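Notes for the structure review
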Amino acid sequence: MTALFKKDLWEWLLAWGLGRGGSGDRSVRYNGAFLALIVLILVLSAPPLAAGWLALSYPLLFSVFSVSATMADAFVGEKERGTLETLLLCPLSDEALVLIKWLAALTFAFLQALIMFLLAALALLLTHKPLPPLQACLLAPLVLIVLGGFLAGLEAWIAIGAESMRQALTAVNLPFALIIVVGSVGLPALWSRLTPKTRDALLLLVQTHPLRLAGGIALLLVLVDALVLYLAILRFRRLRLQP
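Let me sum up the structure you'll find in this document. Everything quoted here is computed from the prediction, not taken from an experiment.

Cut-offs applied
Residues numbered from 1 in each chain as written. Predicted model: local features only at pLDDT ≥ 70, side-chain atom pairs only at ≥ 80, totals over all residues. Heavy atoms only, no water. Helix = DSSP H or I, 4+ residues; strand = E, 2+ residues; numbered from the N terminus. Buried < 20%, exposed > 50% of the residue type's maximum accessible area, 1.4 Å probe, protein only. Contact = heavy atoms within 4.5 Å. Areas by Shrake-Rupley, 256 points an atom, 1.4 Å probe, with all protein chains shown as cover. Axes fitted to C-alpha atoms, helices over the stretch in contact; angles between N-to-C directions. Parallel < 35°, antiparallel > 145°, perpendicular 65-115°, else oblique. Left-handed = near helix turned anticlockwise from the far one by under 90°. Phe/Tyr/Trp six-rings, centres within 6.5 Å; stacked < 30°, edge-to-face > 60°.

What follows is about the overall build of the protein. Looking only at helices and strands, the protein has nine helices and zero strands in total. Ordered by position from N to C terminus, the α and β elements of the protein give α-α-α-α-α-α-α-α-α. The proportion of buried residues among the 243 residues of the protein is 38%. A separation threshold of at least 6 residues defines the contact pool for the protein, and within that pool the share at least 24 residues apart is 78%. Summing over all exposed atoms, the protein offers an accessible surface of approximately 13700 Å²; the carbon and sulfur share of this is 75%.

See below:
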C-alpha cells in the first residue's frame, strides 16, 4: 500500500518538475516551473496590498485544478499505458486502490501549493511586500483539502469510465471553471441585491461565530467529499467485475 502511494506521488512530482505529462496524452502538462513563473510574475507586478493575497490564492487555485489532472492520470493514464490491469491483480482491495490514489493526488497538490507559495513568499520578502495574514495561511490547507478532495473524488468517478485524458479533464475542469467565473460575478451581484438589514445580519453572524460557521461549512463539504469518493469506489468495483 505504501509502495503504491510513493510510486504515484513520485511519478507526479517528477512529471511536474520536468514539465511533461504523466501519460501518453501530450495535451496534459503539469509543468511546475511554468506555473511557478506565472505566480511570481503576478506577485511581483501586483500592488503591495494585493501581492500577499495573490501569493496565497494562486498556488491554491493551481493546485486544486491539478488534482483533476493527477486523478485522471491515475486511472485513464494507467489505461493508456496498459498498467491498470497489472494494478487490478495486486492483493489490495478496490477501496484501498482508489483511496491510495486519492490520498496521493491530495498530497501532490499540497506539495505543489507549498513549493509555489514558498517561492512567492521569498519574492515578497525580497521586494519588501507584506506577507498574507497568518490566519489565511493556516486556513489555506483546509480549503485545499476540502476542494481538492471533492475534485479528486469526482475526477476519479469520471476517469474510471472515460476513454481518454482529454475527455476526463474536460468533464470536470470546464464546468468547475464556469462555476468560478459565474460565482465571481454572480455573488457580488446577489450581495448588492440584499437589503441592508440582511447584509448586517450576515456580517454579524460571520463576526460573532466565525469558527462555528467555518466548522459547519467544512463538515458539510467533508461529507460531500466522502460521498463522492464512495461513489468512485463503487464504480471502480463495477469496472473490475466487467468480463
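So, on to the packing of helix 3 (residues 48-81) against helix 5 (residues 94-126). Contact geometry for helix 3 and helix 5: axes closest at 8 Å, N-to-C directions at 150°. By the criterion of interaxial angle, the relationship of helix 3 to helix 5 is roughly antiparallel. The element helix 3 and its partner helix 5 pack so that their crossing is right-handed.

Where two aromatic rings form a pair, the distance of their centres and the angle of their planes describe that pair. Scanning the model with the defined rule gives one aromatic pair in all. Seen from their ring centres, tyrosine 58 and phenylalanine 62 are 6.0 Å apart, and the 55° between their planes marks the pair as tilted. Highlighted residues: tyrosine 58 and phenylalanine 62, both in helix 3, separated by four residues, approximately one helical turn. Overall, the relative accessible area of 27% leaves tyrosine 58 in the partly exposed class.

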